[in-house]
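Fold and geometry: a report
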Amino acid sequence: MFPCVWRTTIFFLIWLCNDVVSKRNHTLKPRVVLPENYVKEIRPPSRKGHPVMVEFSIYVVDVNSINVEDMDFRVDMFIRQTWVESRLQLPDDIFEEGDDHVTLPPEFFDNLWHPDPYFLNSKVTEIAELTHKFSSVTLYRNQTVRYAARMHAIIACQMEFQLYPMDIQSCPIYIESFSYSNQKVRFRWSESGVTINPELKLLQYHIGEPLRLEETNGYMIDKDGNYSRLVVYFRFERQIGHHLIQTFAPSSLVVMLSWFSFWLDLDAIPGRVTLLVTCMLTLVTMFTGLRADIPPVAYVKALDLWMAGCMMFVFAALGEFVVVKVLDKQYQMNKSKAEAVPRIIPVRLNSDKGSCGTVAAWEGGGVRCRKVDLTSPTSPPASTPAVHPAPNPPHLMGVERRQSILQVAWLDADTGQERILWREIDKLSRVIFPALFLLFVTMYWPVLLLKTKASS
């Protein structure tokens, strides 16, 4: 019996102590006195003709991704709103000694009047939470209320890709009051404005500084009024290093590789064709892979001009091979026809029975003679030797007889050597193609840099 009594007595003492402690804590808990019927009050704490000034600030923690296909970017940030609530009655006992503010649980924010800003161009906006919402309410002695929350949002951005891959995207965030016009509530940037985490680094972009902040009024047609609006412009500058290594340098090397075909003889037809076709297919494959990085736009981008120029140079090298091959075939055809034409040279031959005029004709490898009357007026005198000009090479004579529009071979007047047209074209291509490509590069990059500087 005695153990039961002792056990009951101990439980009673423990309960009594807990009740005393709980009552003491209850008396020490800060109490904020709200005016009567404050919960039903939906008007902002503004005086007549004077709107409530709400100061806004943002601290950007991270920019997770910049999606060029959906044209948006995701940002994690801390937002802070500060305004004066003149209708609050704050007893002095809620502040600890030496403090001018007190932090209250987020539930208290639901009982207060608060502004209703929203991101005008956001796709998704939500307050971060783990076990509870990451938000807090701070009250100051001068009746100032500060609300802070951790938020992540997906912001739409109208991107332009004319200068891709040296484009600079200017993406604004519009913060506007939803319900209250600028006669009731007006937003303005605080002194801190928008701050970016100094350790923030992006893969392909550099966030330009400083950010441009604006305070404007936006007219909303559906709500028929002017509403206070804050604007912050993020400047995302694409880093060119990735594309220099992955795009510009390889494509330039492929174009240079196509020039090696000018040193290959026409007898190496498989090697020359394979080299040029492989270069063309390589550029096409690179161009197709780059299309996956950006959305299909209706205008021409700077990278399209570069890839089109590289493909044009390789295609021109392939066309040059076709031209020289046709000229070589024409040259070989004229040469074979010229060798088949007999050459007739009049000579005087002595026979056993006397002298007679004959003409010797060389046809192929044989010689055929026929007698002519040397006493005829048309024949040259016997005492005067016939003078004949030096015959041209067989294939050149054939070209002259055919009177071709395009001369495929000729004799150099200075050296007397035969010069073939297709070989001369190959020699000129070894100089002209690199010179034109160098001109293309020197025109492309300065113009692109000037336009990029002008757009920034």
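Above this text is the structure in question.
The following refers to the structure shown. (Residues numbered from 1 in each chain as written. Predicted model: local features only at pLDDT ≥ 70, side-chain atom pairs only at ≥ 80, totals over all residues. Heavy atoms only, no water.)

Under the counting rule described, the total for this entry stands at one disulfide. A sulfur-sulfur separation of 2.1 Å characterises the disulfide bridge that pairs Cys157 with Cys171. Sign of the S-S torsion, about -80 degrees for the bond between Cys157 and Cys171, identifies this disulfide as left-handed. Of this pair, Cys157 sits in the loop between strand 7 (144-156) and strand 8 (168-177) while Cys171 is found in strand 8, placing the two residues 14 residues apart along the sequence. Across this residue pair, the class does not change: Cys157 and Cys171 are buried. (Disulfide = S-S within 2.5 Å. Helix = DSSP H or I, 4+ residues; strand = E, 2+ residues; numbered from the N terminus. Buried < 20%, exposed > 50% of the residue type's maximum accessible area, 1.4 Å probe, protein only.)

Counted according to the given criterion, the structure contains 24 aromatic pairs. Each ring, one from Phe248 and one from Trp445, has its centre 4.8 Å from the other, and the planes form 55 degrees; the classification is tilted. With Phe248 in helix 2 (residues 241-258) and Trp445 in helix 6 (residues 421-455), the pair connects residues that are 197 residues apart, well separated along the chain. For the residue pair Phe248 and Trp445, the accessibility class agrees, reading buried in each case. Arg212 extends its terminal NZ or CZ atom over the ring of Tyr233, reaching a point 4.0 Å from the ring centre. (Phe/Tyr/Trp six-rings, centres within 6.5 Å; stacked < 30°, edge-to-face > 60°. Lys NZ or Arg CZ within 6 Å of the ring centre and 35° of its normal.)

Our focus in this paragraph is the environment of Phe433. Positionally, Phe433 belongs in helix 6. A sequence separation of 171 residues divides Phe433 from Phe262, and the C-alpha atoms of the two residues are 10.0 Å apart.

Of all hydrophobic cores here, the largest spans 94 residues; its most connected members are Ile58, Val63, Phe73, Leu139, Phe234, Phe236 and Trp306. A total of 12 residues in this core trace back to one element, the largest contributor, which is helix 4 (residues 302-340). Once residues lying within four places of it in the same chain are set aside, the contact partners of Ile58 are Met77, Phe78, Ile79, Ile175, Trp189, Gly193, Val194 and Thr195. (Core = buried A, V, L, I, M, F, W, Y, C linked by side-chain atoms within 4.5 Å. Contact = heavy atoms within 4.5 Å.)

On to the packing of helix 2 against helix 6, then. The geometry of helix 2 relative to helix 6 is characterised by a closest axis approach of 12 Å and an angle of 155 degrees between their N-to-C directions. Between helix 2 and helix 6, the angle is such that the two are roughly antiparallel. Considering the relative orientation of helix 2 and helix 6, their crossing is right-handed. Residue-level inspection shows Leu244, Phe248, Ser252 and Val255 of helix 2 in contact with helix 6, the latter providing Phe437, Tyr444 and Trp445. Split by residue class, the contact of helix 2 with helix 6 holds six nonpolar, one polar and no charged. (Axes fitted to C-alpha atoms, helices over the stretch in contact; angles between N-to-C directions. Parallel < 35°, antiparallel > 145°, perpendicular 65-115°, else oblique. Left-handed = near helix turned anticlockwise from the far one by under 90°. Nonpolar A, V, L, I, M, F, W, Y, C, P; charged D, E, K, R; others polar.)

Looking at chain direction, strand 2 (residues 72-84) and strand 7 are connected through 13 bridges and run antiparallel. Its bridge partner being in strand 7, Phe73 is matched across the sheet by Ile155. Pairing between strand 5 (residues 122-127) and strand 7: five bridges, direction antiparallel. Within the sheet, the bridge partner assigned to Glu126 lies in strand 7 and is His152. (Pairing = 2+ DSSP bridges.)

Moving on, we get to the pairing of strand 12 (residues 225-238). Counting buried positions along strand 12 gives 11 out of 14 residues, so the element sits mostly inside the fold. Bridging between strand 8 and strand 12 involves nine bridges; their strand directions are antiparallel. Bridging across to strand 12, Tyr174 finds its partner in Val231. Here strand 10 (residues 205-207) runs beside strand 12; their pairing, made up of three bridges, is antiparallel. Paired with His206 across the two strands is Glu237, which belongs to strand 12. With nine bridges joining them, strand 11 (residues 212-220) and strand 12 adopt antiparallel strand pairing. In the sheet register, Gly218 faces strand 12, and the bridge partner there is Tyr227. Counted along the chain from strand 11 to the antiparallel partner strand 12, the turn is four residues long, and its residue Asp224 has a positive phi close to 50 degrees.

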